[in-house]
Amino acid sequence: MAQNRKKPPGKKPPGRGVSLSPEEYRTLAKQAEPKRNAFANAVRAFLVGGLICVIGQLVQTVYIEWFGFEKKEAGNPTVATMILLSVLLTGFGVYDKIAQWAGAGTAVPVTGFANSMASAAIEHRSEGFVLGVGGKMFKGGRPGRSSFGTVAAFLVAIVYMMFHPELIKGGK
Amino acid sequence: MQLMGRQSWLFDRRPVILATGTVVGPFEGQGPLAADFDHVHDELSIGQDSWEKAERALFEEAAQLAAKKAGIAMDQVRFLVGGDLMNQIISSTFAARTLAVPFIGVFGACSTSMLSLATAAMLVDAGGAPYAMAVTCSHNATAEKQFRYPTEYGSQKPPTAQFTVTGAGAALLGRSGSGPVITAATIGKIVDFGVKDPFNMGAAMAPAAVDTILAHMNDLNRSPDDYDLIVTGDLSKVGHRLALELFAREGFPIDKTVYSDCGMMIYDYEKQNVQAGASGCACSAVVTYGHLLNRMKKGELKRILVVATGALLSTISYQQGESIPCIAHAVAIESGVN
Amino acid sequence: MDLVRAFLVGGTICLVGQLLMDVFKMTAPYAMTALVVSGAVLDGLGWYDPLIEFAGAGATVPITSFGNALFHGALQELERYGWIGIITGMFEVTSAGISAAIIFSFLAALVFRPKG
């Protein structure tokens, strides 16, 4: 079999490279993206998120009725319990399956925060407990949130303080 | 060997693929090509206590299988050309430590299969080695852990995302013998069209694939109908569609042959939740060395062009807002007796 | 009745998060950060506490409450000690959640292996 057949004369081969400009290509690529089903995702996020909050509400009620917490104080143990539940689900390898379906429904509640820390801790155990588990626990995007959230709260507080100058001195 | 055109080689000595070794993980074993792989593991951990160790175990196994099937002892293999997705290609280097073969480490991300095959073919054809082996591997968990999120993290993958194949593919090349032969290769240039989304690699890589294919045809004065099949490594649904668009715009008659993509072949879209399809170094390796060469042995394919595609980003480049530079390497394989 | 309100408010906040990701194409970390920040801002405006009264866990469970708690802590200390309180106060109120997450995650790493 000849390796190198001559092309029939008069036939112009295509050029060497892609002639589209990068911008044109990116527009093309955007159009080729399969559409996310935003509506279905939104519905699922709503349902799962609402459900998780309902569970939180039940847990909170338990703490108030059975353990005698005041409504104000019951928030802390409730959050801790929700965190424990999501850490367990993460450990059992179940959380990520639910999350693929539920999207923001599992990410937005405090369960998402717990999952990101727990999954990082579990994953990086192979690098040891100090550098791996301890060092990389905050790897999953959460350091961004906590640090940024802190800065935001700081800025909001400063703005607030400017509107309430009587507070600068303190002693209320 | 001869230099052809700008970036291609013609291998007139026609190095032979004496044997291949393909091993995959359990998820790949549930796909339609399971019967074409030498070994399907039933646990993602491959019996190891870390994902990283699992990946190198796959590499070692594939290499050893290829040598065994060819009836060659590992120390007769003069050079091992290999690479993977891990930082500093540790899966390949640690496996090469076990295999104890002089090692040429290469990084091509998911294009490593054809990059290593072309390099090994060049070695054998130029008389630099009687036997050379090209190996690559990837593992879903190590890739997720390094590039994206911890494996138990609950993120919702978009429909453009791809699923990294767990597996390894090895090809042992020799100067003579019976088996498919490597007749030509085209080394790609890095092509970057400014796509930044690491969850849409197919779109990032498509221009590189098209660029290399066009260069190949130009350098070797060939056209698509010279091949029974042109297959890209892992463009998957989104990238494949974009490549077809690009071919159309260049007036390239891709429809004269069958144009397929390994990333679309290895999983069952109906039963396996893989969004756009497969990716990973092992994708093109196991599909080519297992499935496509089997088809060639059965006589269904006579002349194929395998174009493996890779996205050359790192976690830092992405976080710094850089786009994703990509590359594609093509190897022409023919059935034939040397 | 409590449960219904928790469901509706919590679900809505999650819905907003999903829209941030799907429609505004934010990745999860950015979307979550935006929600934390809005919790802080809403509390600054004095709107988040009434929301908690109304919806209970529907407002305390989503991550917006983290921003609210951060601001609350800052505010408490601001009122007591003046401007320095902004810095010292911020982590007062959220420490339970963060400590729980750290401790439980650490324990999980002892017990669990990643499943892939």
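Each remark here, short or long, concerns the structure printed above.
Each value, and the rule that gives it
- Residues numbered from 1 in each chain as written.
- Chains lettered and ligands numbered in written order.
- Predicted model: local features only at pLDDT ≥ 70, side-chain atom pairs only at ≥ 80, totals over all residues.
- Helix = DSSP H or I, 4+ residues; strand = E, 2+ residues; numbered from the N terminus.
- Rg over C-alpha atoms; globule rule 2.2 N^0.38 Å.
- Buried ≥ 20, exposed ≤ 12 C-beta atoms within 10 Å, placed from the backbone.
- Contact = placed C-beta atoms within 7 Å.
- Right-handed = clockwise from strand over helix to strand, strands pointing away.
- Nonpolar A, V, L, I, M, F, W, Y, C, P; charged D, E, K, R; others polar.
- Expected span 1.5 Å × (residues − 1).
- Axes fitted to C-alpha atoms, helices over the stretch in contact; angles between N-to-C directions.
- Parallel < 35°, antiparallel > 145°, perpendicular 65-115°, else oblique.
- Left-handed = near helix turned anticlockwise from the far one by under 90°.
- Arc of directions from axis to C-beta.
- Pairing = 2+ DSSP bridges.
- Core = buried A, V, L, I, M, F, W, Y, C linked by C-beta atoms within 7 Å.

Thoughts on the overall build of chain B
Line of reasoning, step 1. Within chain B one finds 10 helices and 15 strands.
Line of reasoning, step 2. Its C-alpha atoms give chain B a radius of gyration of 18 Å, near enough to 20 Å, the size a compact globule of 338 residues would have.
Line of reasoning, step 3. Taken along its principal axes, the extent of the C-alpha atoms in chain B is 50 × 50 × 35 Å.
Line of reasoning, step 4. Evaluated residue by residue, chain B yields a buried proportion of 64% over its 338 residues.
Line of reasoning, step 5. Taking all contacts inside chain B whose residues are at least 6 apart in sequence as the whole, residues at least 24 apart take part in 79%.

Describing the overall build of chain C
Line of reasoning, step 1. Tallying secondary structure elements over chain C gives seven helices and zero strands in all.
Line of reasoning, step 2. Ordered by position in the sequence, the α and β elements of chain C form the string α-α-α-α-α-α-α.
Line of reasoning, step 3. Projected onto the principal axes, the alpha-carbon positions of chain C cover approximately 50 × 35 × 35 Å.
Line of reasoning, step 4. Long-range contacts, defined here as pairs at least 24 residues apart, represent 57% of the contacts in chain C between residues at least 6 apart.

Some words on the pairing of strand 12 (residues 258-261) of chain B
Line of reasoning, step 1. Burial along strand 12 of chain B is one-sided: B:Tyr259 and B:Asp261 are buried, while B:Val258 and B:Ser260, pointing the other way, are not.
Line of reasoning, step 2. Between the parallel pair strand 11 (residues 229-232) of chain B and strand 12 of chain B, the chain is carried across by helix 7 (residues 236-250) of chain B, and the sense of this crossover is right-handed.

Describing the interface of chain C and chain A
Line of reasoning, step 1. Across the contact, 63 residues belong to chain C and 65 residues belong to chain A.
Line of reasoning, step 2. Looking at the side of chain C that touches chain A, the elements that each hand over two or more residues are helix 1 (2-22), helix 2 (28-44), helix 4 (57-60), helix 5 (64-81), helix 6 (85-89) and helix 7 (95-111) of chain C.
Line of reasoning, step 3. A total of 16 residues in the side of chain C that touches chain A trace back to one element, the largest contributor, which is helix 1 of chain C.
Line of reasoning, step 4. Along the lines of polarity and charge, the residues of the side of chain C that touches chain A split into 43 nonpolar, 15 polar and five charged.

A look at helix 6 (residues 201-220) of chain B
Residue and element names in this part refer to chain B.
Line of reasoning, step 1. Along its 20 residues, helix 6 runs 29 Å from first to last C-alpha, staying within 8% of the 28 Å computed at 1.5 Å per residue.
Line of reasoning, step 2. With 19 of its 20 residues buried, helix 6 lies for the most part within the structure.
Line of reasoning, step 3. In the segment just after helix 6, asparagine 221 is the residue with positive phi, at about 55 degrees.

Concerning unusual backbone geometry
A negative phi angle characterises most non-glycine residues, just as the trans form characterises most peptide bonds.
Line of reasoning, step 1. One non-glycine residue with positive phi stands out, namely B:Ala100, at about 55 degrees.
Line of reasoning, step 2. Relative to the assigned elements, B:Ala100 resides in the loop between helix 3 (90-99) and strand 6 (103-105).

Overview of the packing of helix 2 (residues 51-70) of chain B against helix 3 of chain B
Residues and elements named next belong to chain B.
Line of reasoning, step 1. Two elements in contact, helix 2 and helix 3, have axes separated by 8 Å at closest approach and are oriented at 50 degrees. By the angle between their directions, the pair helix 2 and helix 3 is classed as oblique. The handedness of the crossing between helix 2 and helix 3 is right-handed. Side by side, helix 2 and helix 3 meet where Glu52, Glu55, Arg56, Phe59, Glu60 and Ala63 of the first sit next to Ile90, Ser91, Ser92, Phe94, Ala95, Thr98 and Leu99 of the second.
Line of reasoning, step 2. Of the residues belonging to the contact of helix 2 with helix 3, the class tally is six nonpolar, three polar and four charged.

What to know about helix 3 (residues 48-55) of chain C
Residue and element names in this part refer to chain C.
Line of reasoning, step 1. When we look at burial in helix 3, the residues that qualify are Tyr48, Leu51 and Ala55. Buried positions in helix 3, seen along its axis, are confined to an arc of 50 degrees and lie on one side of it. Facing away from the buried side of helix 3 by over 90 degrees, the exposed positions are Pro50 and Glu53.
Line of reasoning, step 2. In this structure, the buried side of helix 3 is in contact with helix 1, helix 2, helix 4 and helix 5.
Line of reasoning, step 3. Taken from the residues just after helix 3, glycine 56 is the one with a positive phi, measuring 55 degrees.

Some details on the pairing of strand 5 (residues 79-83) of chain B
Residue and element names in this part refer to chain B.
Line of reasoning, step 1. Of all five residues making up strand 5, five are buried, and the element is well covered by its neighbours.
Line of reasoning, step 2. Of the two faces of strand 5, the one carrying Phe79, Val81 and Gly83 and the one carrying Leu80 and Gly82 are both buried.
Line of reasoning, step 3. As paired elements, strand 5 and strand 7 (residues 131-138) share five bridges and run parallel to each other. Pairing of valine 81 across the sheet is with alanine 134, part of strand 7.
Line of reasoning, step 4. Sheet topology note: the strand 5/strand 6 ladder contains three bridges and is parallel. In the sheet register, leucine 80 faces strand 6, and the bridge partner there is phenylalanine 103.
Line of reasoning, step 5. Viewed along the sheet, the connection from strand 5 through helix 3 into strand 6 turns out right-handed.

Some words on the environment of C:Leu20
Residues and elements named next belong to chain C.
Line of reasoning, step 1. Following the sequence through the fold, leucine 20 ends up in helix 1.
Line of reasoning, step 2. Placed 22 residues apart in sequence, leucine 20 and leucine 42 show a C-alpha to C-alpha distance of 18 Å.
Line of reasoning, step 3. Contact partners of leucine 20, with chain neighbours within four places excluded, come to Met26, Ala31 and Ala34.

Looking at the nonpolar core
Soluble, globular proteins show a tendency: their nonpolar side chains are buried together.
Residues and elements named next belong to chain B.
Line of reasoning, step 1. Counting 131 residues, the largest nonpolar core has Ala62, Ala66, Ala132, Met133, Leu172, Leu173 and Val307 as its most contacted members.
Line of reasoning, step 2. Per-element accounting of this core gives the leading share, 13 residues, to helix 6.
Line of reasoning, step 3. Leaving out residues up to four positions away in the same chain, alanine 62 has contacts with Gly21, Thr22, Val23, Val135, Cys137, Ala168, Gly169 and Ala170.

Side note on the packing of helix 2 (residues 38-65) of chain A against helix 1 of chain C
Any two packed helices are characterised by how steeply their axes cross, that is the angle between the axes, and by the distance between the axes.
Line of reasoning, step 1. The interhelical angle for the contact between helix 2 of chain A and helix 1 of chain C, taken along N-to-C directions, is 140 degrees, at an axis separation of 6 Å. Judged by the angle between their axes, helix 2 of chain A and helix 1 of chain C are oblique. Our pair here, helix 2 of chain A against helix 1 of chain C, has a crossing hand that is right-handed.
Line of reasoning, step 2. Residues of the contact of helix 2 of chain A with helix 1 of chain C, tallied by class, amount to 16 nonpolar, 10 polar and two charged.

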